[in-house]
Amino acid sequence: MSAPLIVLVGPMGVGKSTVGELLADRLGTTYRDTDADVVAAAGKSIAEIFFDEGEERFRALERRAVRDAVAEHPGVLALGGGAVLDGTTRGLLAGHRVVYLSMDVDEAVRRVGLNTARPLLAVNPRRQWRELMDARRHLYEDVAGVTVATDERTPEEVAQAVLDATGLPERTAAAVPAGQENHTMTEQGTTRIQIAGTAGTDPYEVLVGRQLLGELPNLIGDQAKRVAVLHPEALAETGEAVREDLASQGYEAIAIQLPNAEEAKTVEVAAYCWKALGQTGFTRTDVIVGVGGGATTDVAGFVAASWLRGVRWIAVPTTVLAMVDAAVGGKTGINTAEGKNLVGAFHPPAGVLCDLAALDSLPIHDYVSGMAEIIKAGFIADPVILDLVEADPEGARTPAGPHTAELIQRSIRVKADVVSSDLKESGLREILNYGHTLAHAIEKNERYKWRHGAAVSVGMVFAAELGRLAGRLDDATADRHRAVLESVGLPLTYRGDQWPKLLENMKVDKKSRGDLLRFIVLDGIGKPTVLEGPDPAVLLAAYGEVSA
């Protein structure tokens, strides 16, 4: 039996894993995390254990993991945030070198943010944090011989403070990895993608990572007095949590609940939002925050563009589709009986926060639907996306996949490059509509009951076949569309008897010029181009290839 060299305790998000790995490296030993042991033993994430089996079951698994680790592990050991609640566990820690990593509530909210993977902070992070710490702080202090504050310190600085406080000798060089010298703990794993300002608009950033809620006040700024949080009914708790958090920081924050999905994209819903803004005295220095999927960010952006001829807004997308497409680029709009997004405006956000933790609880069909836009980005600009999906189709279907962050980041970069040079779709930006001409016609035909990604998938297969029949695209690349899309579970066909209706719908599509139909097709992977006025017989033949 071996005793751990150091045991780290502290609340969720404090950085035990990051600091623990640094300490193990500098002490020339190994690192172990009891949360990881629990996940390995259960075969599912901690959030899934809480949801499927309850907190009591998780605590039993945690108790066993701590017992085994304390008995077996000779290196640096980190315990889960709630492990000290168990009296048996506290007894096991007696006589060991235990270090409590602490942080204050503001730091906690910046780090934990909207991370829905942390099941005990799923509603209001600031209030929940205070309640958790009221129950746990004295327990951390009781079991620990040393307390090290982590506020406004880098992981390297915290690790050094632990070494100084415990007097343990270093056994390896304490080199800081290049480029990490000035990274704070809240910035670990966050990617910032720049969108250039064009046509008189300001540049902005898309942040991709986890624990991003703390960035919201920075984007809102000091000039705003009021903030309106627009959210769908399905995210009522999340929207209210964001509102409460902003209110606690001094903003006059209101929450405006929208219908779910495409039902929100009507002039009646927009008018309801305008009324709420008017009743609360919303001015040009105030800010709108859209929390939700692509429909929510479309409405939030449109309301922001139209209120007082334009106020600032921030997108907090919670679906794959919204992260890689709807929330980026400034195209906002609502639907009418005549078609999708026919009423709208180009109004870029002041910033976009893509918190990947929001995807952890996304239904599988919604997640897969978003993959259509990612695959689209692969075909029009970044073939590495296609390679990653083909290498692990099952992994691409889930937020737990090994390439999730990279796929989303690459897709956003494709869109960022395009919209930075063409905000108003006067040229290059049209390539982002690959597969969308037929897709929008299908969506209208289905009264917007089809998921957008499903329609785009069929639309891309149609566009590939159209390109092949027009002599623009080789057979292998056309066939690759079907293989990649089908591998992640996206549809390839639509009802064959609907072609006359679809053709009429496409004639009023925004990409048409007069009576001239325009389609984005490929000359090859990464080589999109415009096909104008194709022969009706070719169109019909291409549709025949996707007819069920």
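The structure this text deals with has already been given above.
Starting afresh in each chain, residues are numbered from 1 along the sequence in its written order. pLDDT decides what is reported in this predicted model: residues at 70 or higher carry local features, side-chain atom pairs at 80 or more are listed and counted, and totals for whole chains, interfaces and linings draw on all residues regardless. The side-chain figures draw on all heavy atoms in the structure; neither hydrogens nor water molecules are used.

Trainee: Looking at this model, I keep getting lost on the pattern of salt bridges. Mind explaining?
Mentor: Here a salt bridge means any side-chain nitrogen of Lys or Arg lying within 4 Å of a carboxyl oxygen belonging to Asp or Glu. Counted according to the given criterion, the structure contains 38 salt bridges. E62 is the partner of R59 in a salt bridge, and the nearest nitrogen-oxygen pair spans 2.9 Å. Here R59 pairs with E62, and both are found in helix α4 (residues 55-72), just 3 residues apart, close to one helical turn. A relative accessible area of 15% places R59 in the buried class. A salt bridge links R192 to E205, with the nearest nitrogen and oxygen atoms 2.9 Å apart. With R192 in strand β6 (residues 191-195) and E205 in strand β7 (residues 204-209), the pair connects residues that are 13 residues apart, well separated along the chain. Here's how the labels work: a residue is buried when its accessible area is under 20% of the maximum for its type, exposed when over 50%, partly exposed in between, all with a 1.4 Å probe on protein chains only. What makes R192 partly exposed here is its relative accessible area of 37%. Residue class for E205 comes out partly exposed when judged on its relative accessible area of 25%. Through salt bridges with shared partners, a single ionic network connects E262, K265, D298, K340 and E443. Segments assigned H or I by DSSP are reported as helices when at least four residues long, segments assigned E as strands when at least two residues long, and all are numbered from the N terminus.

Trainee: What's the story with the sheet that holds β7 in this structure? I'm lost.
Mentor: Strands pair in a sheet through their backbones, by hydrogen bonds, and they do so in one of two ways: parallel or antiparallel. Should DSSP find at least two bridges between two strands, the strands are taken to pair. One open sheet accounts for 7 strands, arranged β6-β7-β14-β11-β10-β8-β9; its pairing is mixed. Strand pairing shows two members of the sheet lacking a second neighbour, β6 and β9 (252-258), which therefore form its edges. Each strand of the sheet is rotated relative to its neighbour by a mean of 15°, with strand direction disregarded. Helix axes are fitted only over the stretch in contact, all axes being lines through C-alpha atoms; the angle between N-to-C directions runs from 0 to 180 degrees.

Trainee: Explain unusual backbone geometry to me, please; I cannot follow it from the model alone.
Mentor: Among all residues except glycine, the phi angle is most often negative; among peptide bonds, the trans geometry is most common. One non-glycine residue, N341, lies in positive phi territory at about 60°. When you line up the elements, N341 lands in strand β13 (residues 339-346). Look at R447: it is not a glycine, yet its phi comes out positive at around 55°. Inspection of the secondary structure assignment puts R447 in the loop between α18 (436-445) and α19 (452-469).

Trainee: I'm lost on the packing of helix α15 (residues 383-391) against helix α20 (residues 475-487) in this one. Help?
Mentor: The axes of two packed helices give the description: the angle between them and the distance between them. Between α15 and α20, the shortest axis-to-axis distance is 10 Å and the interhelical angle comes to 55°. With respect to each other, α15 and α20 are oriented oblique. For the crossing formed where α15 meets α20, the hand is left-handed. Taken together, the residues of α20 that come into contact with α15 (itself represented by L386, D387, V389 and E390) are R480, V484 and S487. For this scheme, ten residues count as nonpolar: Ala, Val, Leu, Ile, Met, Phe, Trp, Tyr, Cys and Pro. Four count as charged, namely Asp, Glu, Lys and Arg, and the remainder, Gly too, count as polar. Of the residues in the contact of α15 with α20, the class split is 3 nonpolar, 1 polar and 3 charged. Every angle not falling under 35 degrees, over 145, or within 65 to 115 is termed oblique; those three ranges are roughly parallel, roughly antiparallel and roughly perpendicular. Crossing handedness is defined as follows: a turn of the near helix away from the far one that is anticlockwise and smaller than a right angle gives a left-handed crossing, while the clockwise case is right-handed. Only heavy atoms matter for contacts: two residues are in contact if any of them lie within 4.5 Å across the pair.

Trainee: Sorry, what's going on with the packing of aromatic side chains here?
Mentor: The geometry of two aromatic rings is summed up by the distance between their centres and the angle between their planes. Within 6.5 Å between ring centres, the rings of Phe, Tyr and Trp (the latter by its six-membered ring) count as paired, and their orientation is classed by plane angle as stacked under 30 degrees, edge-to-face over 60, tilted in between. Per the stated rule, a full pass over the model turns up 6 aromatic pairs. Seen in terms of ring centroids, W450 and Y494 are 5.3 Å apart; in terms of plane orientation they differ by 90°. Their pairing is edge-to-face. Of this pair, W450 sits in the loop between α18 and α19 while Y494 is found in the loop between α20 and α21 (499-507), placing the two residues 44 residues apart along the sequence. Looking at Y494, the relative accessible area reads 3%, which means it is buried. An aromatic cluster of at least three residues, connected via ring pairs, comprises F462, W499, F519 and Y543.

By themselves these figures say nothing about function.
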